[in-house]
Amino acid sequence: MPRPAPRPAPRADPRADPRRSRPGPLGRSGLRAPALRPAAGVLAAGLALLAGLSGCAVAGSTTIADGSVVGEAGSIGVLGTGFLGDDLSPTPEATIAPEPGSWSRVEVPAGFRAVVVAAQGDATTATIVAAISAWADRAGAELEILPAAGAAELSDRFEQATSAGADLVIGAGEGVVDEFAYGTAQHLDQQYLVIGAQLGEPTENVTSVIWPGATFRGTGITDDVQDAAAVTPARAGEALDAGVAAVLHGVTGIVVSLPESATASE
């Protein structure tokens, strides 16, 4: 007797493939968390093709006539070309040095909500928190500040901030670095921004902004001399504007280094 024809293999359900990318969660403002960037080589090739066709572009955005980058529907304003420079796709943990003011045309969307975690008892932290409050007033963002008196309370405040469902959790100054270095990797669906300090090995969801004198990387890691006098209201405010601009445009998992010749008035 002839052998029966073999049955075709069942088709895999693409929905069950864990490798398929999934959109990030939505915050209260309706912003979708930036998706993980593809491998550097793949993205670089794609960007090179885009550059050859119509100028450089950042994922989820388009390029306008003057070379600036505009977000989807223009709802978050534009990044100047000097923000990323020649490196259109900085790798995770990379440090970029944007030109002063290249973030000034970025706009915080309506309904944006941020929660601040801050260690008490530090004058530089108080300066950064005051700058964050001024930014929220200026941008019309909803802001909640969670001060912590010690290491145990700092851990509680971090978890409280993370579970609040905010668009962004902001760490103020070097006092939060050790806690953020551990906790942020456990919550990859939440975006974090550290001002006036940095994490030694940030994950894709953590962005830091530093400047000369405010470069702390963690206990037992930092070699640079920290300078409390370098943390001024103007510098902290500029750092916040640059950091929020990076997060809104999906340039995350990196360190933004403000140049010594920044234009802010000290």
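Residues numbered from 1 in each chain as written. Predicted model: local features only at pLDDT ≥ 70, side-chain atom pairs only at ≥ 80, totals over all residues. Heavy atoms only, no water.

(A) The overall build of the protein chain, seen in detail. Broken down by element type, the protein chain carries five helices and ten strands. With 266 residues in all, the protein chain has 44% of them scored as buried. Counting only contacts in the protein chain whose residues sit at least 6 apart along the sequence, the fraction spanning at least 24 positions is 62%. Of the roughly 13,700 Å² of accessible surface on the protein chain, 54% is carried by carbon and sulfur atoms. (Helix = DSSP H or I, 4+ residues; strand = E, 2+ residues; numbered from the N terminus. Buried < 20%, exposed > 50% of the residue type's maximum accessible area, 1.4 Å probe, protein only. Contact = heavy atoms within 4.5 Å. Areas by Shrake-Rupley, 256 points an atom, 1.4 Å probe, with all protein chains shown as cover.)

(B) Seen up close, the pattern of salt bridges. Going through the model one piece at a time under the given rule, you end up with five salt bridges. Where Arg113 meets Glu144, a salt bridge forms, and the shortest distance between an N and an O atom there is 3.5 Å. Of this pair, Arg113 sits in strand 5 (residues 113-119) while Glu144 is found in strand 6 (residues 142-148), placing the two residues 31 residues apart along the sequence. Residue Arg157 pairs with Glu153 through a salt bridge whose shortest N-O separation is 3.5 Å. Of this pair, Arg157 and Glu153 both sit in helix 3 (residues 151-162), four residues apart, which is roughly one turn of that helix. Taken together, the shared-partner salt bridges connect Arg113, Glu142 and Glu144 into one network. (Salt bridge = Lys/Arg side-chain N within 4 Å of Asp/Glu carboxyl O.)

(C) Broad picture of the pairing of strand 6. Bridging between strand 5 and strand 6 involves seven bridges; their strand directions are parallel. Note on strand 6: the bridge partner recorded for Ala119 is Ala148. The parallel pair strand 5 and strand 6 is bridged by helix 2 (residues 123-139), and the resulting crossover is right-handed. (Pairing = 2+ DSSP bridges. Right-handed = clockwise from strand over helix to strand, strands pointing away.)

(D) Quick peek at the sheet that holds strand 10 (residues 255-257). Strand order in the open sheet formed by seven strands is 4-10-9-8-7-5-6, and the pairing between neighbours is parallel. In this open sheet, the two edge strands, each paired with only one partner strand, are strand 4 (95-96) and strand 6. Pairing between strand 4 and strand 10: two bridges, direction parallel. Within the sheet, the bridge partner assigned to Thr95 lies in strand 10 and is Val255. In the packing of helix 3 onto the sheet, contacts are made with strand 5, strand 6, strand 7 (168-172) and strand 8 (192-195), and the angle to strand 6 comes to roughly 160°. Contacts between helix 5 (residues 233-248) and the sheet are confined to strand 7, strand 8, strand 9 (206-210) and strand 10, with strand 8 contributing the most and set at about 160° to the helix. (Axes fitted to C-alpha atoms, helices over the stretch in contact; angles between N-to-C directions.)

(E) Representation of the confidence of the model for the protein chain in the model. Overall, the predicted model of the protein chain reaches an average pLDDT of 77, with 70% of residues at or above 70. Considering only residues more than four positions removed or in separate chains, one finds that residues 261-266, a stretch of pLDDT under 50, has twelve contacts. (pLDDT = per-residue confidence, 0-100.)

(F) Spotlight on helix 3. Taking 1.5 Å of rise per residue, twelve residues should cover 16 Å, and helix 3 covers 17 Å from first to last C-alpha, within 8% of that figure. Here helix 3 has its buried residues at Leu154, Phe158, Ala161 and Thr162. Seen along its axis, helix 3 keeps its buried residues to an arc of 95°; they face one direction. Opposite the buried face of helix 3, by more than 90 degrees, sit the exposed residues Ala152 and Asp156. Among the structural elements, strand 5, strand 6, strand 7, helix 4 (177-183) and strand 8 are those in contact with the buried residues of helix 3. (Expected span 1.5 Å × (residues − 1). Arc of directions from axis to C-beta.)

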